[in-house]
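# Chains, contacts and geometry: an overview
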Amino acid sequence: LNYTEPYRPQYHFSPAEHWMNDPAGLVYYKETYHLFFQYNPGGIEWGNMSWGHATSKDLTHWEERPVALLARGYPENVTEMYFTGSAVADVNNTSGFGVDGKIPLVAMYTSMYPVSQELPSGKHVLAEQQSQSIAYSLDEGETWTTYDAENPVIHNPPSPYGAELENFRDPFVFWHDDTQKWVAVTVLASLHKVVIWSSDNLKEWSLASEFGPYNAVGGIWECPNLFQMPIKGDPSIKKWVLVLGLNPGGPPGTVGSGTQYFIGDFNGTAFKADPASIYPDNKSANWMDWGPDFYAAASYNGLPVGDDVVQIAWMNNWQYGATIPTSPWRSAMSVPRQLSLKEVNGKVTLLQQPQDSWHSVANDQTLKHSWKSVSKGSTSLDSPGKAFKIDLSFADHDSDKSLASTFAIAVRASSDFKQETLIGYNFTSKEVFVDRRNSGVVSFDKTFASLYHAPLSANADKRINLQVFVDWSSVEVLGGQGEVSLTAQIFPEENSTETRLVSTDGVTQNVRLQISGMDSAWH
Ligand code: FRU
C-alpha cells in the first residue's frame, strides 16, 4: 500500500478509496479485531451504503478486506442498503446458523429500503423504511449470508411509534450474561428514544423497554452503544454506560454531530440513568468528546479480558464530512480508545486512554525536554515531522500578572507560523483548547475554522496533563486522566512541520515535554 497521498492518516484506519462513515460490527474473534464500517463501494460521498471490512491483530495495523455486505442490487438498482449495526460471535450457536461445529459470527444491522417492496420473507416494507436484520458468517467474517428467510427480524418500531418507520435504526447487540440473553439497543432517532430488545436466538426479538429523551436533544439520536465497566478504585461496583450520537447538536462551540453518554444501571431489560448523569431541562450533557470530529462511537464485542472496553469512532462530522479535501478516500477512524470509569471531582466519569498498541508504531526519534519556566512568547522546538505523539504537562496557576493566561503547543506549523494548530490550556477559564482557525485548508466549510474547548481542572499535584496524537490530518487530545477528549481534523500544507511552545502574557512553570515520532502503520 502506498498511503502517502496528501492528508493520508498514517496510523489511523482509512479505506484505500471511497467514502466511509460509522464503525460497525466491532468484534474480536480468534485473535483478530474486525472493523466493519459504513462504506460506499462506488463513490467518495455517502451512498450505496454497504459494510466495508478491515482486520487487525493489534488495533493499529489494519488490513482492508473485501466488502462484507454489498448494497443489494448494487450498482444498477439498489433495493436495500446496510446501515450501521454490530456483530457478535454466537459461540453457543443459539441462532442455529453454525454448521459442522463452526461458530457463526452474526451481524445485526439496519436494512434501509429505498423502494417499497415485498421481501423474500413475505414481509412488506415501505419506501425509505428502516428495519433491523441479521446476517451470518461461517468463515470468520470474510463472507456473509443475509437471513432472507425471516429478515427483517425487527420489522417495525414499537406500536405507539408506528410513524417512525424512517427513523428507527442502529442496533447494537451484545450478550447479557446475568440474564443469559441477547440484548439489542436501537434508536427512534427523531423522538430521542433508545428502544431495547431481547432475544434467546438473535432471530426472534421482544420489546424490553425504552429510554429517553434526556440531556442533549438538539438533533436526532443515532448509534447507541451500551456496555458495563467497574469503577476504578471501587471494582465491586459495576456501572453501565450508554453512549449516543447526536446530529446536529454537539458540545458548546461545535457545529454538527457530537457524542454524549449516560452512566447508570441495566438489568437486562431496562437502562436507568444515575441522577448525577441527568441534567434537568435538557440543558446539558455528559460529552464524550469536546471536539468536532468524533461520532458514532462503538465498542468491541468479544474482548478477552472481561472488564476491557475499547471503542472506535468515526473521525469526521456530518456538517462537512462530504467536503473534506481528501482523495481518493474520505474519512478516517479515531485511535482506538480504552475506556474506564473513575470518580473525578466527586463524579463518576468516563475516562479515555489510547489503546496500548500505538507504541508499536512509535519510533526512537524522541524529543524530551523540561523547563523550570517557559518564557512569555514563543519557544521554538525541533521539528517532529508530520505524525507524532506529545506528552505535555505543566503547573496550573491562578491569575497572576507574571504568569501566562494561556499556554499552548503549536503543531503542523509553517515556518512563518502563519499556519498552525494550537493545543493548549487557558488558565483563566480552566479549559483545554484546540484552535484550528489557521490550521491549513479550512475554506470548504464555513464552520470548520473554529476553536474548541473543554473544561479541565488540574490533577492532585496541581498540574495539567495533555496527551496529543498528531497524524497527517488530525489531532486527538486527551486531558488529565482522560476525562476530557478533543478530536479534530486538520488539513495543513505538507511542509508545515514546525512546532513551538506559546506562553501568552507571562511565563508557564515546570513544563515537561516529550514528543515521540510515529511511523506509518501501512508499510
Ligand atoms: C450515523 C448514521 C446512522 C446510520 C448511518 C447511515 O452516522 O446516520 O444512524 O445508520 O449513519 O450511513
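The next thing to look at is the site of the ligand. If you check the shell around the ligand, you find Asn-21, Asp-22, Gln-38, Trp-46, Phe-83, Thr-84, Arg-169, Asp-170, Glu-222, Cys-223, Tyr-295 and Trp-318 and nothing else. In the environment of the ligand, an oxygen atom lies 3.2 Å from a nitrogen or oxygen atom belonging to the backbone of Thr-84. Arg-169 is positioned with one of its side-chain polar atoms (N or O) 2.7 Å from an oxygen atom of the ligand. Alone, the ligand offers 320 Å² of accessible surface; in the complex the protein occludes 95% of this. Considering only residue class, the shell around the ligand consists of five nonpolar, three polar and four charged.

One open sheet holds the four strands; their spatial order is E5-E6-E9-E10, and the pairing between them is antiparallel. Every interior strand has two partners, whereas the edge strands, strand E5 (81-89) and strand E10 (145-146), have only one.

With that out of the way, let us pick up empty space enclosed by the protein. In total, this model carries seven cavities of 30 Å³ or more according to the counting rule given. If you add up the space inside the largest cavity, you get close to 100 Å³. Lining the largest cavity we find 16 residues, and of these Thr-84, Gly-85, Phe-172, Pro-224 and Ala-298 sit closest to its centre. The set of elements that each furnish at least two residues to the lining of the largest cavity consists of strand E1 (18-29), E5, strand E11 (168-176), strand E15 (220-231) and strand E20 (295-299). Residue composition of the lining of the largest cavity, grouped by class: ten nonpolar, five polar and one charged.

Residues of the protein with pLDDT of at least 70 account for 99%, and the chain-wide mean is 97. The ipTM, which scores confidence in the relative placement of chains, is 0.98 for this predicted complex, and the corresponding pTM is 0.98.

Grouped together as the largest cluster of nonpolar side chains are 57 residues, with contacts concentrated most on Val-194, Phe-271, Ile-390, Phe-394, Ile-409, Val-475 and Leu-513. Leave out the neighbours within four places in its chain, and Phe-271 touches Ile-196, Ser-209, Phe-211, Leu-226, Trp-240, Leu-242, Phe-262, Ile-263, Gly-264, Asp-265 and Phe-266.

Roughly 800 Å³ of internal volume is contained in the largest pocket. Residue lining of the largest pocket: 32 residues in total, with Phe-174, Trp-175, Asn-301, Gly-302 and Leu-303 positioned closest to the centre. When residues of the lining of the largest pocket are traced back to their parent elements, those giving at least two are E1, E5, E11, E15 and strand E16 (234-247). Split into classes, the residues belonging to the lining of the largest pocket amount to 18 nonpolar, eight polar and six charged. The computed volume of the second largest pocket comes to approximately 480 Å³. Of all the secondary structure elements, the ones that give two or more residues to the lining of the second largest pocket are strand E17 (258-266), strand E19 (286-287), strand E23 (337-344) and strand E24 (347-354). The biggest single contributor to the lining of the second largest pocket is E24, with three residues.

Moving on, we get to the sheet that holds strand E25 (residues 362-374). The sheet built from six strands is open, its strands ordered E25-E36-E27-E32-E33-E34 with antiparallel pairing. At either margin of the open sheet sits one strand with a lone partner, and together these are E25 and strand E34 (484-489). The mean angle between the axes of side-by-side strands here comes to 10 degrees, regardless of whether they run parallel or antiparallel.

Bringing the pattern of salt bridges into the picture now. Taken as a whole and judged by the stated rule, the model has 20 salt bridges. Of the charged contacts, one joins Arg-169 and Asp-170 as a salt bridge, the two residues approaching to 3.9 Å between their closest N and O atoms. Residue classification places Asp-170 among the buried positions, given a relative accessible area of 4%. Here Lys-386 makes a salt bridge to Glu-494, at a shortest N to O gap of 3.6 Å. Residue Lys-386 is found in the loop between strand E26 (377-380) and strand E27 (388-395), and its partner Glu-494 is found in the loop between E34 and strand E35 (498-504); the two are separated by 108 residues along the sequence. Overlapping salt bridges bring together Glu-63, Arg-65 and Glu-142 as one network.

Cut-offs used in this document
- Counting restarts for each chain, with residues numbered from 1 along the sequence as it is written.
- With the structure being a predicted model, the display of local features is reserved for residues of pLDDT at least 70 and the display and counting of side-chain atom pairs for 80 or more, all residues being used for whole-chain, interface and lining totals.
- Side-chain figures throughout are based on the complete set of non-hydrogen atoms in the structure, without hydrogens or water.
- For each residue, the test is whether any non-hydrogen atom lies within 4 Å of the molecule or strand; if one does, the residue is near.
- Here a polar contact means two N or O atoms within 3.5 Å. Within protein one must be a hydrogen donor candidate and the other an acceptor candidate, and residues neighboring in sequence count only if both atoms are side-chain atoms.
- Using the Shrake-Rupley algorithm and a 1.4 Å probe, accessible areas are obtained, with residue cover drawn only from the displayed protein chains.
- Residues are sorted three ways: Asp, Glu, Lys and Arg are charged, Ala, Val, Leu, Ile, Met, Phe, Trp, Tyr, Cys and Pro are nonpolar, and all the rest, Gly among them, are polar.
- Whether two strands pair comes down to DSSP finding at least two bridges between them.
- Numbering of helices and strands runs from the N terminus; a helix is a DSSP stretch of H or I covering at least four residues, while a strand is a stretch of E covering at least two.
- Think of a 1 Å grid over just the protein atoms. A cavity is a set of points where a 1.4 Å probe fits yet cannot get out, a pocket is an open set with protein on both sides within 12 Å along at least five of seven lines, and lining residues have an atom within 4 Å of a point.
- Grid points are joined across faces, edges and corners, and a volume is the space filled by probe spheres set on the points.
- Every residue is assigned a pLDDT by the predictor, reflecting its confidence on a scale from 0 to 100.
- In these notes, a set of buried Ala, Val, Leu, Ile, Met, Phe, Trp, Tyr and Cys residues joined through side-chain atoms within 4.5 Å is what counts as a nonpolar core.
- Three exposure classes are used, based on accessible area relative to the maximum for each residue type with a 1.4 Å probe and protein chains only: buried under 20%, partly exposed in between, and exposed over 50%.
- In what follows, residue pairs with any heavy atoms lying within 4.5 Å of each other are defined as contacts.
- An axis is simply a line fitted to the C-alpha atoms; with a helix, the fit covers only the stretch in contact. Between two such axes, the angle follows the N-to-C directions and lies from 0 to 180 degrees.
- Each reported salt bridge corresponds to a side-chain nitrogen of Lys or Arg within 4 Å of a carboxyl oxygen of Asp or Glu.

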